[in-house]
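Structural overview
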Amino acid sequence: MITRLDLFIHRMVSQRACLDHSIAQTSGMTQPVFELGLGNGRTYHHMKSHIVDRDVYVFERAVGAHPDSIPPEELTILGDVRETLPAATDRFPDGASLIHADLGGHNREKNDIFARFVSPLVEPLLAVGGLMVSSDRMYFENLVEQPLPQDAVEGRCFIYRREI
Ligand SMILES: C[S@@+](CC[C@H](N)C(=O)[O-])C[C@H]1O[C@@H](n2cnc3c(N)ncnc32)[C@H](O)[C@@H]1O
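Residues numbered from 1 in each chain as written. Predicted model: local features only at pLDDT ≥ 70, side-chain atom pairs only at ≥ 80, totals over all residues. Heavy atoms only, no water.

The name recorded for the protein in an unreviewed UniProt entry is S-adenosyl-L-methionine methyltransferase, from Epibacterium ulvae.

**A word on the site of the ligand**
Residues in contact with the ligand amount to 17 residues; listed here are only the nearest, G41, T43, E60, V81 and D102. L38 places a main-chain nitrogen or oxygen 3.4 Å from an oxygen atom of the ligand. Between R42 and the ligand, the recorded distance is 3.2 Å, taken from a backbone N or O atom to an oxygen atom. When the ligand sits alone it has 610 Å² of accessible area, and the protein chains cover 85% of it. Judged by its atoms lying within 2 Å of the grid points, the ligand is housed in the largest pocket. Here the residues of the shell around the ligand are counted per class, giving four nonpolar, seven polar and six charged. (Near = heavy atom within 4 Å. Polar contact = N/O pair within 3.5 Å; in protein donor to acceptor, adjacent residues only side chain to side chain. Areas by Shrake-Rupley, 256 points an atom, 1.4 Å probe, with all protein chains shown as cover. 1 Å grid on protein atoms, 1.4 Å probe; cavity = no way out; pocket = protein on both sides within 12 Å on 5 of 7 lines; lining within 4 Å. Sits in = over half its atoms within 2 Å of the grid points. Nonpolar A, V, L, I, M, F, W, Y, C, P; charged D, E, K, R; others polar.)

**Looking at a nonpolar patch on the surface**
Taken together, the side chains of L5, F8 and I9 make up a nonpolar region of the molecular surface, amounting to roughly 300 Å² of accessible area. If you trace the backbone, I9 turns up in helix α1 (residues 4–26). By relative accessible area, I9 is classed as partly exposed at 40%. (Patch = residues over 30% accessible without salt bridge, like charges linked within 9 Å, V, L, I, M, F, W, Y side chains within 5 Å. Salt bridge = Lys/Arg side-chain N within 4 Å of Asp/Glu carboxyl O. Helix = DSSP H or I, 4+ residues; strand = E, 2+ residues; numbered from the N terminus. Buried < 20%, exposed > 50% of the residue type's maximum accessible area, 1.4 Å probe, protein only.)

**Comments concerning the sheet that holds strand β2 (residues 56–60)**
Taken together, seven strands build an open sheet; the order of strands is β3-β2-β1-β4-β5-β7-β6 and the sheet is mixed. The open sheet has two edge strands with one neighbour each: β3 (76–78) and β6 (143–145). Each adjacent strand pair in this sheet contributes to an overall mean axis angle of 20°, direction not counted. Pairing between β6 and strand β7 (residues 158–162): three bridges, direction antiparallel. Of the residues in β7, the one forming a bridge with E145 is Y160. Each of β4 (96–101), β5 (126–134) and β7 touches α1; the most contacted strand, β5, lies at about 170° to it. (Pairing = 2+ DSSP bridges. Axes fitted to C-alpha atoms, helices over the stretch in contact; angles between N-to-C directions. Contact = heavy atoms within 4.5 Å.)

What follows is the structure, encoded as structure tokens:
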């Protein structure tokens, strides 16, 4: 039996493996990185520590992260992503090289409904060659699902790429 503890550990291990893989795969790209959902700031802290060549913008409705993981004000896009993502298409015409989304809560059904809603808002923001990492399955028209890196657990994290 897979316990809730197992599922939590799988999610954490998968997030780190997918982020490390995607940061390496997109290094050399010049577009910024987007973190959707700051939460406690653990994944933001990891990304900030490993991404030295690009700005990391955070989309969050209310910042309440660990003091070590508070993004600078000029890189924080406050508000509901259902409004801030559409607005970001004008502000970032070249898109993002890497987008990480961890917007969900404990209810899988609700997370899936939200992922369906937010997918078309995320899709136009990813640059060609860029990668999108998500804790939930996304519903994209043109982004292609990628194989997971070693150490990631199937179904606990997803990676998508814009090919053209
Ligand atoms: C699971 S937490 C993120 C955890 C984070 N990855 C970490 O490592 O600490 C989800 C975050 O997404 C944010 N969020 C959820 N829905 C949102 C929305 N519609 N707009 C903006 N932020 C949202 C919540 O406020 C919460 O802080």
